[in-house]
Amino acid sequence: MEEKYFEDFRVGEKIHTKEKTLSAEEIIEFAELYDPQPFHIDEIAAAESPYGGIIASGFHTIGTSFRLFIDTGVIGTTGMGSPGMDSIRWVKPVRPGDTLRVEAEVIETRASRSEPERGIVLMDFKTFNQDNELVLSIRSVNLVRRRNNGSI
């Protein structure tokens, strides 16, 4: 996909990513480093948990979703970071073997008043599994470089 500047984003536009399948090994490896709760790293404990088996850390799901979005190339060199996210919802557990894809919808665009070289793009990120079930939703505030530093 072609890289976009702030001026290129349109409200209602949807950006679709490629897919990524998560293995049990990478789910456990991530969780051992960053979220070592038993239902993420221990098959026996996970089987006895309310989830009935290993599930991915929600942070792993967020990271995977973000990587899928970045890999589209939409904000390669035009992305300027983010001041935050307004909401994160883990809707359904992600399990080993699940294949994830992201749909990012532009909700709002507005030029920054204080920083003319950037604009703000509010997006809803929805991550789905191979059964088209929603597993994660995030509303994210994204800073995106303006073409010609916002000058006419």
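Here the structure is shown first, and the text comes after it.
Here the structure is a predicted model, which is why all the values come from computation and not from measurement. (Residues numbered from 1 in each chain as written. Predicted model: local features only at pLDDT ≥ 70, side-chain atom pairs only at ≥ 80, totals over all residues. Heavy atoms only, no water.)

What follows covers the pairing of strand β6 (residues 134-145). The buried fraction of β6 is high, at nine of 12 residues. In this sheet, β6 lies alongside strand β3 (residues 84-90) in antiparallel orientation, the contact comprising six bridges. Bridge pairing links W90 to L136 in β6. Taking the residues that link successive antiparallel strands as the turn, the strand β5 (residues 118-128)-β6 hairpin has five residues, and the phi of N132 there is positive, at about 65°. (Buried < 20%, exposed > 50% of the residue type's maximum accessible area, 1.4 Å probe, protein only. Helix = DSSP H or I, 4+ residues; strand = E, 2+ residues; numbered from the N terminus. Pairing = 2+ DSSP bridges.)

What follows concerns the pattern of salt bridges. All chains considered together, the criterion is met by 10 salt bridges. K4 serves as the salt-bridge partner of E13, at 2.7 Å between the closest nitrogen and oxygen. Residue E13 shares its accessibility class with K4, and that shared class is buried. Among the ionic pairs, K92 bridges to E133, the shortest N-O distance being 3.9 Å. Of this pair, K92 sits in the loop between β3 and β4 (99-111) while E133 sits in the loop between β5 and β6; the two residues are 41 residues apart in sequence, bridging distant segments of the chain. The class for K92 is partly exposed, based on a relative accessible area of 35%. (Salt bridge = Lys/Arg side-chain N within 4 Å of Asp/Glu carboxyl O.)

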